[in-house]
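Each chain is listed here by its residues.
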Amino acid sequence: MNTTIMRQLWSIIDESPGKTLTGLNDSDLINQILNKLSAKQKLSSEDCGVINAYLRSRILLIREIAGCSATH
């Protein structure tokens, strides 16, 4: 995964409303982030698989960020 995609990915997470992200189950949360990223960046099916696995491995961090965003 290249640095441009990584930056866009974390930008999407940071810009998403925390209340929205915390209200989703893990699969829906990952799908929403992937859909937003796909709208900004052309992704191959291989890219989607790698990003999906990456997001799954970072789900607790994403939820922590979303939780902090929801309370501020």
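Here the structure is a predicted model, which means the values were calculated and not measured.

A. Spotlight on the packing of helix H1 (residues 3-15) against helix H4 (residues 45-57). As a packed pair, H1 and H4 sit with axes 13 Å apart at the nearest point and diverge in direction by 50°. When the axes of H1 and H4 are compared, the pair comes out oblique. For the pair H1 and H4, the crossing hand works out as right-handed. Contact residues: Ile5, Met6, Leu9, Trp10 and Ile13 in H1; Ile51, Tyr54 and Leu55 in H4.

B. Examining the environment of isoleucine 5 more closely. Take isoleucine 5: it is sitting in helix H1. For the pair formed by isoleucine 5 and leucine 37, sequence separation is 32 residues and the distance between their alpha carbons is 8.1 Å. Apart from the residues lying within four places of it in its own chain, the contact partners of isoleucine 5 are Leu37, Gln41, Leu43 and Ile51.

C. Representation of the nonpolar core in the model. The biggest cluster of nonpolar side chains holds 17 residues, and the ones touching the most others in it are Leu9, Ile33, Leu37, Ile51 and Leu55. Breaking this core down by element, the ones donating at least two residues are H1, helix H3 (26-40), H4 and helix H5 (59-71). When residues in this core are grouped by element, the largest group, 5 residues, is from H3. In contact with isoleucine 33, other than residues within four places in its own chain, are Leu9, Ile12, Ile13, Leu55 and Ile62.

D. Examining H4 more closely. Along its 13 residues, H4 runs 18 Å from first to last C-alpha, staying within 8% of the 18 Å computed at 1.5 Å per residue. Here H4 has its buried residues at Ile51, Tyr54 and Leu55. In an axial view of H4, the angular spread of the buried residues amounts to 95°, which keeps them on one side of the axis. Exposed and oriented more than 90 degrees from the buried face of H4 are Ser45 and Glu46.

What counts and how
- Residues numbered from 1 in each chain as written.
- Predicted model: local features only at pLDDT ≥ 70, side-chain atom pairs only at ≥ 80, totals over all residues.
- Heavy atoms only, no water.
- Axes fitted to C-alpha atoms, helices over the stretch in contact; angles between N-to-C directions.
- Helix = DSSP H or I, 4+ residues; strand = E, 2+ residues; numbered from the N terminus.
- Parallel < 35°, antiparallel > 145°, perpendicular 65-115°, else oblique.
- Left-handed = near helix turned anticlockwise from the far one by under 90°.
- Contact = heavy atoms within 4.5 Å.
- Core = buried A, V, L, I, M, F, W, Y, C linked by side-chain atoms within 4.5 Å.
- Buried < 20%, exposed > 50% of the residue type's maximum accessible area, 1.4 Å probe, protein only.
- Expected span 1.5 Å × (residues − 1).
- Arc of directions from axis to C-beta.

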